[in-house]
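Fold and geometry: a report
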Amino acid sequence: MRITLFPVVFCLLLSSCATWYERTAEFQRTVEEGNFEQADKLLHKNKKMEKGKNRLLFYLNLGYVEFMLDHPKESNAAFETAEKMIDEQSGNPALQAAVLLSNPEILPYKPEDFEVIMVNFYKAMNYLRLGDTEGALVEVRQINIKLNQLNDKYPDHKNRYQRDAFAHLLMGLIYDASGNFNDAFIAYRNAFETYQTDYKKNFGIEAPVQLRQDILRTAYLCGFKEELKRYEEEFGQKYVYSSPPADGQLIFFWLNGLGPVKSEWGINFVKEQRGDGAIVFHNAEYGLTFPFFWGSGYSDHERNSLANLKIVRAVFPKYEERPPLYSRATLQYENKSYPLELAEDINQIAFKTLHDRMLREFSTSLLRVAAKQGLQYAASKQNEWLGFAVGLANAMTEKADTRNWQTLPYSVSYVRIPLQSSENQVSANFFTSDNVHRETFIFPANPKKTSFFVYSTL
């Protein structure tokens with residue numbers, strides 16, 4: 001029996017330790033190769049994912065794949081299903097209790113805050129592709145509601161991602177394109193404030209030059225003389241009005257690379273007894289200390305489990321960066337170069353928000369590991385093999401939640417350019433460390449209108 005048991009145990013442990021990226025490797029590979037027809041087939045082939053605890057991720061990925069296939073109606077249908085699922089998410093007490101004896105991956109996937117906002121970005125872009133500006137405006141208004149909810153979610157201000165500058169910028173661009181200059185100015189102003197406070201401090205991103213120009217222009221068009229003067233002084237420039245191009249304008253979005261994926265890491269905590277009756281788990285390397293006080297919220301079993309432990313090893317999710325191939329890009333048009341400016345660094349936001357959340361969740365993870373090891377200790381006292389079996393079960397179930405929306409871009413950049421003729425040939429230059437990749441696009445004139453275009457490099 002021992003001869004056959006350990007190979008089986010080893011295989012089970014390997015399969016249980018696989019990250020979400022590794023378990024969806026074939027789908028991820030097709031996305032990275034730009035083979036979205038095959039990616040679509042793989043998604044629909046996975047019936048278990050379509051109906052189980054990872055159903056939300058199925059629809060997020062489906063919405064993205066349909067977006068990349070230029071199927072805006074199908075993409076929005078998938079994103080609307082995902083959005084409805086997010087709105088209906090609520091805690092299940094039974095499942096929450098089961099997490100203490102298993103791991104967080106038994107719960108339905110709960111998206112990160114920035115993932116929720118990006119759903120509306122894609123939906124707005126789909127409506128613009130369909131020529132439905134009103135539909136796009138509905139989406140940006142939804143973004144505004146979600147941003148307000150996000151602010152209310154962190155009254156202690158311990159999360160660095162509470163406001164999304166890019167979301168406000170997107171609102172401004174769409175309001176601007178629809179001729180609603182008053183709301184556009186407000187959105188641009190909110191975007192600028194968020195860039196210069198939250199984004200500059202936490203992510204090193206300052207307000208794009210184009211945003212500054214749009215603030216001045218919409219302030220002028222709305223007759224906001226005091227605001228115009230204030231921003232002229234802040235930006236160090238005098239605004240001179242020029243009429244919009246008769247043949248329209250183009251807003252070019254560049255989705256660069258792919259965002260990070262989650263893996264896991266482990267850390268050891270040593271138990272220390274404190275004079276006030278609390279048990280403290282401490283890790284000297286990272287300077288982390290988590291006390292447990294014996295209040296009414298703990299059962300006798302949990303107290304005994306913690307009391308019998310000397311060292312606890314807990315696992316937590318972490319992000320792995322996928323550095324993009326291209327570092328910057330420009331558009332060439334009419335012998336003029338227009339740099340694409342960084343508007344959203346999803347990679348940085350992902351890393352910082354996970355770090356903030358992990359500091360709040362360390363204690364929950366420690367309690368889970370302590371409870372499971374306490375069961376193993378109790379079982380070992382009754383029977384050695386029973387203790388081994390419980391320990392094996394603990395090893396197979398103790399893992400971090402490594403799920404995330406892995407088809408999001410690494411970053412989003414944008415630029416506004418004028419269109420001046422019946423047919424506009426625009427060249428895009430994408431720069432690596434030692435090379436340049438060029439693409440050519442043809443955009444028809446759209447008199448006195450603003451066109452939106454999204455281009456992705458994977």
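A brief look at the structure comes next. The residue numbering used here restarts from 1 in each chain and proceeds along that chain's sequence as written. In keeping with the predicted nature of the model, local features appear solely for residues at pLDDT of at least 70, side-chain atom pairs appear and are counted solely at 80 or more, and the whole-chain, interface and lining totals rest on all residues. With hydrogens and water excluded, all non-hydrogen atoms of the structure serve as input to the side-chain values.

**Considering the overall build of the protein chain**
- Helix and strand counts for the protein chain stand at 17 helices and 12 strands.
- Residues counted as buried form 50% of the 458 residues belonging to the protein chain.
- Contacts spanning at least 24 positions in sequence make up 73% of the contacts within the protein chain whose residues lie at least 6 apart.
- For accessible areas, the Shrake-Rupley method is used with a probe of radius 1.4 Å. Any residue's cover is judged against the shown protein chains and nothing else. Of the roughly 22300 Å² that the protein chain leaves accessible, carbon and sulfur atoms contribute 52%. By definition, any uninterrupted DSSP run of H or I lasting at least four residues is a helix, any uninterrupted run of E lasting at least two residues is a strand, and each is numbered from the N terminus. Relative accessibility thresholds used throughout: buried, under 20% of the residue-type maximum; exposed, over 50%; partly exposed, between the two (1.4 Å probe, protein chains only). Contact criterion: two residues are considered in contact whenever any of their non-hydrogen atoms come within 4.5 Å of each other.

**Section: the packing of helix H12 (residues 181-203) against helix H14 (residues 225-235)**
- Two numbers describe how H12 lies on H14: the axes approach to 14 Å, and their chain directions differ by 30 degrees. One finds that H12 runs roughly parallel with respect to H14. H14 is crossed by H12, and the crossing has left-handed handedness. Residues Phe185, Arg189 and Phe192 of H12 lie in contact with H14, whose contacting residues are Glu227, Tyr231, Glu234 and Phe235.
- Partitioning the contact of H12 with H14 into residue classes produces 4 nonpolar, no polar and 3 charged. Interaxial angles span 0 to 180 degrees and are taken between N-to-C directions of axes, which are lines fitted to C-alpha atoms, for helices over the stretch in contact. By the definition adopted for this analysis, an angle is roughly parallel if under 35 degrees, roughly antiparallel if over 145, roughly perpendicular if from 65 to 115, and oblique otherwise. The hand of a helix crossing depends on one turn: near helix anticlockwise from the far one by less than a right angle means left-handed, and clockwise means right-handed. All residues other than Ala, Val, Leu, Ile, Met, Phe, Trp, Tyr, Cys, Pro, Asp, Glu, Lys and Arg, Gly among them, are scored as polar; the first ten of these are nonpolar and the last four charged.

**A word on the sheet that holds strand E1 (residues 249-256)**
- Ordered in space as E8-E9-E1-E12, the 4 strands form an open sheet in which the pairing is mixed. At either end of the open sheet lies a strand with only one pairing partner, and these are strand E8 (341-344) and strand E12 (450-457). The average undirected angle you get between the axes of adjacent strands in this sheet is 30 degrees. Note on pairing: two strands pair once DSSP finds at least 2 bridges between them.

**Topic: the pairing of strand E7 (residues 336-339)**
- Judged from the 4 bridges that link them, strand E6 (residues 328-333) and E7 form a sheet pairing that is antiparallel. Across the sheet, residue Leu331 finds its bridge partner in E7, namely Tyr338.
- Hairpin connection from E6 to E7: 2 residues lie between these consecutive antiparallel strands, with Glu334 at a positive phi of about 55 degrees.

**Some words on the packing of aromatic side chains**
- Ring pairs are drawn from Phe, Tyr and Trp, using the six-membered ring of Trp, whenever the two centres fall within 6.5 Å, and their geometry is named by plane angle: stacked under 30 degrees, edge-to-face over 60, tilted for the rest. Evaluation of the coordinates by the stated rule reveals 34 aromatic pairs.
- A centroid spacing of 4.9 Å and a plane angle of 20 degrees characterise the contact between Tyr220 and Tyr241, whose relative ring orientation is stacked. One end of the pair, Tyr220, is in helix H13 (residues 209-221); the other, Tyr241, is in the loop between H14 and E1, with 21 residues separating them in the sequence.
- The partly exposed category is assigned to Tyr241, whose relative accessible area is 35%.
- Judged by centre distance (5.5 Å) and plane angle (35 degrees), the ring pair of Tyr231 and Phe235 falls under tilted. Of this pair, Tyr231 and Phe235 both sit in helix H14, 4 residues apart, which is roughly one turn of that helix. Per residue, the accessibility class of Tyr231 equals that of Phe235, and both read buried.

**Considerations on the pattern of salt bridges**
- Criterion for a salt bridge: a side-chain nitrogen of Lys or Arg within 4 Å of a carboxyl oxygen of Asp or Glu. What the rule picks out here adds up to 16 salt bridges.
- Between Lys146 and Glu83 there is a salt bridge, with the nearest N and O atoms lying 2.7 Å from each other. On the criterion of sequence distance, the pair formed by Lys146 in helix H10 (residues 133-153) and Glu83 in helix H7 (residues 72-88) is long-range, its members being 63 residues apart.
- Between Lys318 and Glu320 there is a salt bridge whose closest N-O contact spans 3.4 Å.
- Here Glu320 falls in the partly exposed class, since its relative accessible area comes to 33%.

**Considerations on the sheet that holds E7**
- One open sheet holds the 4 strands; their spatial order is E7-E6-E10-E11, and the pairing between them is antiparallel. Each edge of the sheet is formed by a strand with only one pairing partner; in this case those strands are E7 and strand E11 (436-444). Each neighbouring strand pair of the sheet contributes to a mean axis angle of 25 degrees, computed without reference to strand direction.
- Examined bridge by bridge, E6 and strand E10 (residues 423-431) share 5 bridges and lie antiparallel to one another. What sits directly across from Arg328, in E10, is Phe431.

**Topic: the environment of Leu458**
- Mapped onto the elements of the fold, Leu458 is located in the segment after E12.
- Under the relative-accessibility criterion, Leu458 is labelled partly exposed at 34%.
- Sequence separation between Leu458 and Leu255 is 203 residues, and the spatial gap between their C-alpha atoms is 8.3 Å.
- If sequence neighbours within four positions are ignored, Leu458 has contacts with Val31, Glu32, Gly34, Phe36, Tyr64, Gly257 and Leu258.

**Remarks on the side chain of Glu50**
- Following the sequence through the fold, Glu50 ends up in helix H5 (residues 47-51).
- Owing to a relative accessible area of 18%, Glu50 belongs among the buried residues under this scheme.

**Structural notes on the nonpolar core**
- Counting 95 residues, the largest nonpolar core has Tyr122, Leu169, Ile174, Tyr195, Leu211, Phe253 and Trp405 as the members making the most contacts within it.
- For this core, the element with the most residues is helix H9 (residues 113-129), which contributes 11 residues.
- The nonpolar core is taken to be a set of buried Ala, Val, Leu, Ile, Met, Phe, Trp, Tyr and Cys residues, with the residues joined through side-chain atoms within 4.5 Å. With 18 residues, the next largest nonpolar core counts Val415, Val426, Phe430 and Phe443 among its residues.

**Considering H9**
- Residue count minus one, scaled by 1.5 Å, sets the expected span of a helix. With 17 residues, H9 should cover 24 Å at 1.5 Å per step; its first-to-last C-alpha distance of 26 Å lies within 8% of that length.
- Burial of H9 is extensive: 16 of the 17 residues sit out of reach of the surface.

**With respect to a nonpolar patch on the surface**
- Exposure above 30% relative accessible area and the absence of a salt bridge qualify a residue for a patch, where like charges join within 9 Å and nonpolar side chains (Val, Leu, Ile, Met, Phe, Trp, Tyr) within 5 Å. On the surface, Tyr220, Leu221 and Tyr241 cluster together into a nonpolar patch covering about 270 Å² of accessible area.
- Under the relative-accessibility criterion, Tyr220 is labelled partly exposed at 41%.

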